Amino acid sequence: MNTNHWVMAQGYLDEQFVQLEELQDDVNPNFVEEIVTLFYRDSTRLILNTEQALEKSSLDFSKLDTYMHQLKGKTTSIGAIRVKNECTQFADYCNAGNGEGCKRTFQQLKKEYSTLKKKLETYFQFARQIGPVEAACRSSN
């Protein structure tokens, strides 16, 4: 499916997402959607943990850094480049012990995450619509 160019052109996903799409076939027609669903399950938990840790009066930068490295790994696995960049910035602020920088970057991270989620939902709706047509075209050749 060539729908990846639509999301990639907007700078939300990188080549990793294309590689996931290439693993999708007739045997695993929902492979990418399943991977993204797992990503959201795990990343939602990490974002919630980070949010709770940022609300404490004394920030545990080591714990915050651990959450962010885990989240960065998850974002890398699906090619979520903008969210990954925010994770990197957040980790830099953790290493510098900059709580305000962490909080500011976390707000931007949540914004990028929300936008990515909406774009991927639209992508999967579109993919479901064109899926049967593509399958019918392939089988008639």
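Residues numbered from 1 in each chain as written. Predicted model: local features only at pLDDT ≥ 70, side-chain atom pairs only at ≥ 80, totals over all residues. Heavy atoms only, no water.

- An unreviewed UniProt entry lists the protein chain under the name Histidine-containing phosphotransfer protein, with Rhododendron simsii as the source organism.
- Here is the UniProt Function (unreviewed entry) comment for the protein chain, exactly as written: "Functions as a two-component phosphorelay mediators between cytokinin sensor histidine kinases and response regulators (B-type ARRs). Plays an important role in propagating cytokinin signal transduction." (UniProt positions renumbered as here; feature names shortened; annotations may be inferred.)

### Describing the nonpolar core
Thinking step 1. The biggest cluster of nonpolar side chains holds 32 residues, and the ones touching the most others in it are F90, L116 and L120.
Thinking step 2. Where this core is concerned, the elements lending two or more residues are α2 (15–23), α3 (31–54), α4 (61–78), α5 (81–96) and α6 (99–140). (Core = buried A, V, L, I, M, F, W, Y, C linked by side-chain atoms within 4.5 Å. Buried < 20%, exposed > 50% of the residue type's maximum accessible area, 1.4 Å probe, protein only. Helix = DSSP H or I, 4+ residues; strand = E, 2+ residues; numbered from the N terminus.)

### So, the packing of aromatic side chains
Thinking step 1. In the structure shown here, the tally under the stated rule is 6 aromatic pairs.
Thinking step 2. An angle of 65 degrees between the planes, with centres 6.3 Å apart, marks the rings of F90 and F106 as edge-to-face. Within this pair, whereas F90 is found in helix α5, its partner F106 is found in helix α6, the two being separated by 16 residues in sequence.
Thinking step 3. Cluster of aromatic residues (ring-pair linked, three or more members): F17, Y123 and F124.
Thinking step 4. We note K117 situated over the ring of Y40; from NZ or CZ to the ring centre the distance is 5.1 Å. (Phe/Tyr/Trp six-rings, centres within 6.5 Å; stacked < 30°, edge-to-face > 60°. Lys NZ or Arg CZ within 6 Å of the ring centre and 35° of its normal.)

### Considerations on the UniProt feature "modified residue: Phosphohistidine" (unreviewed entry) in the protein chain
Thinking step 1. Mapped onto this numbering, the UniProt entry gives "modified residue: Phosphohistidine" (unreviewed entry) at H69.
Thinking step 2. Mapped onto the secondary structure, H69 falls in helix α4.
Thinking step 3. In this structure H69 comes out as partly exposed when scored by relative accessible area, which is 44%.

### Remarks on the pattern of salt bridges
Thinking step 1. Within the structure shown, the criterion is met by 4 salt bridges.
Thinking step 2. A salt bridge links K74 to D42, with the nearest nitrogen and oxygen atoms 3.3 Å apart. Separated by 32 residues along the polypeptide, K74 in helix α4 and D42 in helix α3 bring together distant segments of the chain.
Thinking step 3. The shortest N-O distance in the salt bridge between E112 and R82 comes to 3.9 Å. Placement of the pair is E112 in helix α6 and R82 in helix α5, with a sequence separation of 30 residues.
Thinking step 4. The class for R82 is partly exposed, based on a relative accessible area of 31%. (Salt bridge = Lys/Arg side-chain N within 4 Å of Asp/Glu carboxyl O.)

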